[in-house]
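Report on the structure
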Amino acid sequence: MKYALVGCGRVSPNHISAAVENGLEITALCDIDIDKAKSVAAELPRGNDVRFYDDHRQMLEVEKPELTAIATFSGTHADIAVDCINAGSNVIIEKPIALSIADADRIIKAEEDSGLIVCANHQNRFNGPVQHMRKALLAGKFGKLFYGTASVRWSRGEEYYKSADWRGTWEQDGGTLMNQCIHAIDLLRWMMGGEITEVVGFTENMMHPYIECEDFGTAILRFKNGSYGIIDGTVNTYGGDYEETLSVFGEKGFAKLGGTCINKVDDWVFEDESEREPAADVDEHPPSVYGFGHKSLYTDVIKSIVTGKKPYVDSQAGKKALEAVLAIYKSAADKKPVKLPLESCSTLDFKDRR
Ligand SMILES: NC(=O)c1ccc[n+]([C@@H]2O[C@H](COP(=O)([O-])OP(=O)(O)OC[C@H]3O[C@@H](n4cnc5c(N)ncnc54)[C@H](O)[C@@H]3O)[C@@H](O)[C@H]2O)c1
């Protein structure tokens, strides 16, 4: 299957290794800075014949990839995704899939019109402990759900934000909720039953005066099934990436997943005898907070392309995670609760308002 990658920055090695490990034919690497595309080619197996491009439209026309991954600045995802779909390529779009509801809808419309596969790159859904929790949840082991929590307590300093102009801007990125926390927010929404009806949120910029957006955010979510979600996320944690956790509390049990990127089981407490101990082999020890999930996400997308079935993390999931973060931003800016679904909302709505 012919594959191309657009955007060859920090996260691109995860995409390249996922493509290699899944046996994709890597035909093109594209970056507006072509030297970056050339430098990540070092990740490719010896002898891989790859072409380099600085324009994704030209790349699509010449290479006609069947699958394209988009790992560019978040504000550019939607335009590039629609171009890829219109050129006949299935796509994996890095999170967040877009920065506005309108852009997410444009992607979904192009997907529906084309019948192609669109996957939102929330790779943590494939983490061993996350899959373990999901299995217990679907088997009804938690009973009625009461509430869940998602916490991201990481650290990003001036060097990180100054490494690229787009970071921390409303136009291309958003703050810590949109960038670092959206994986945990996706998992919380997915575990707690999916449909958020109301959000109350607060955001602050406490120690990064050189970025536009928040470096701390907290929110309470109400779900349609009567349960609640609590979120806290920050890049201000002293001393480095401390933890990213996901907890679910139900009438018949609770579980807390922890580690720096929801990669281990911290607590597993259930009424059901068969759930007295978590499975022994689900914890993971990834080298970075990006985890190991890209490989499984690619495997799933390839299967979807072959079978024509929706991927495990589809475009609607990407839109819902985006919508949850936008709702927190809106609540924080308007200083009042926000009802979902959002008809329209964009990170640009919050420029100079936070
Ligand atoms: N899934 C994850 O865990 C994860 C981790 C990190 C980043 N991300 C996401 O991946 C995306 C990239 O993040 P990053 O940290 O790698 O950023 P980065 O700045 O390191 O790399 C982005 C690259 O995209 C290139 N680019 C920008 N616009 C382009 C265009 N129109 N055509 C071709 N190339 C273009 C830039 O030149 C740059 O090399 C972001 O959306 C981010 O949120 C996801």
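Residues numbered from 1 in each chain as written. Predicted model: local features only at pLDDT ≥ 70, side-chain atom pairs only at ≥ 80, totals over all residues.

Scanning the chain from terminus to terminus reveals 10 helices and 14 strands. The C-alpha radius of gyration of the chain comes to 20 Å, within 12% of the 20 Å expected for a compact globule of 354 residues. Its C-alpha atoms put the chain at 55 × 50 × 45 Å along the principal axes. Taking as baseline every contact in the chain between residues at least 6 positions apart, the subset at least 24 positions apart corresponds to 69%. (Helix = DSSP H or I, 4+ residues; strand = E, 2+ residues; numbered from the N terminus. Rg over C-alpha atoms; globule rule 2.2 N^0.38 Å. Contact = placed C-beta atoms within 7 Å.)

Taken together, 25 residues form the shell around the ligand, and within it Gly7, Gly9, Arg10, Val11 and Glu94 come nearest. By residue class, the composition of the shell around the ligand is 10 nonpolar, 9 polar and 6 charged. (Near = placed C-beta within 6 Å. Nonpolar A, V, L, I, M, F, W, Y, C, P; charged D, E, K, R; others polar.)

Let us now look at the sheet that holds strand 3 (residues 51–53). Pairing is parallel across the open sheet formed by 6 strands, whose spatial order is 3-2-1-4-5-6. The sheet terminates laterally at strand 3 and strand 6 (118–121), the two strands that pair on one side only. Strand-to-strand, the axes of this sheet are offset by a mean angle of 20 degrees, without reference to chain direction. Across 3 bridges, the pairing between strand 2 (residues 25–30) and strand 3 is parallel. Following the sheet pairing, Cys30 is matched in strand 3 by Tyr53. Strand contacts of helix 1 (residues 12–21): strand 1 (2–6), strand 2 and strand 4 (67–70), with the helix running at about 175 degrees to strand 1, the strand carrying the most contacts. Along the sheet face, helix 9 (residues 293–307) touches strand 4, strand 5 (90–94) and strand 6 and points at about 170 degrees away from the line of strand 6. (Pairing = 2+ DSSP bridges. Axes fitted to C-alpha atoms, helices over the stretch in contact; angles between N-to-C directions.)

Time to look at the domain arrangement of the chain. Looking at the chain, the domain boundaries give domain 1 (2–123 + 306–313) and domain 2 (127–287 + 318–348). The interface is formed by 16 residues belonging to domain 1 together with 20 residues belonging to domain 2. Taken together, the residues that form the side of domain 1 that touches domain 2 break down as 11 nonpolar, 4 polar and 1 charged. (Domains from an automatic or database assignment.)

Next up on the list: the sheet that holds strand 9 (residues 216–223). One open sheet accounts for 8 strands, arranged 13-12-11-7-10-9-8-14; its pairing is mixed. Taken across any chain shown, the strands that pair with only one partner, and hence form the sheet edges, are strand 13 (264–270) and strand 14 (338–339). Both strand 7 (residues 145–153) and strand 10 (residues 228–234) contribute to a ladder of 7 bridges, which runs parallel. When the sheet's bridge partners are listed, Val152 is paired in strand 10 with Gly233. Strands strand 11 (243–250), strand 12 (253–258) and strand 13 of the sheet are contacted by helix 6 (residues 128–138), whose axis makes an angle of about 165 degrees with strand 12. With respect to the sheet, helix 8 (residues 182–191) is in contact with strand 7, strand 8 (196–204), strand 10 and strand 11, its orientation differing from that of strand 7 by roughly 175 degrees.

Looking at the element boundaries, Asp267 is found in strand 13. Distance from Asp267 to Glu343, taken between C-alpha atoms, is 38 Å for residues 76 residues apart in sequence. If sequence neighbours within four positions are ignored, Asp267 has contacts with Phe254, Ala255 and Lys256.

Moving on to unusual backbone geometry. Of the consecutive residues Lys95 and Pro96, the connecting peptide bond is found in the cis state with omega at -20 degrees. By the secondary structure assignment, Pro96 is in the loop between strand 5 and helix 5 (101–114). For the peptide bond that leads from Leu340 to Pro341, omega is 5 degrees, which places it in the cis range. One non-glycine residue, Ile262, lies in the positive phi region at around 50 degrees. Looking at the element boundaries, Ile262 is found in the loop between strand 12 and strand 13. In the Ramachandran plot, Lys335 falls in the positive-phi region, its phi being about 60 degrees despite a non-glycine side chain. Positionally, Lys335 belongs in the loop between helix 10 (315–334) and strand 14.

Let us now look at the pairing of strand 12. The pairing of strand 11 with strand 12 spans 5 bridges and is classified as antiparallel. Bridged to Val248 within strand 12 is Ala255. Joining the antiparallel neighbours strand 11 and strand 12 is a turn of 2 residues. Here strand 12 pairs with strand 13 via 6 bridges, running antiparallel. Bridge pairing in strand 13 places Lys256 opposite Asp267. Count of turn residues in the strand 12/strand 13 antiparallel hairpin: 5 residues, of which Gly259 carries a positive phi of about 85 degrees.

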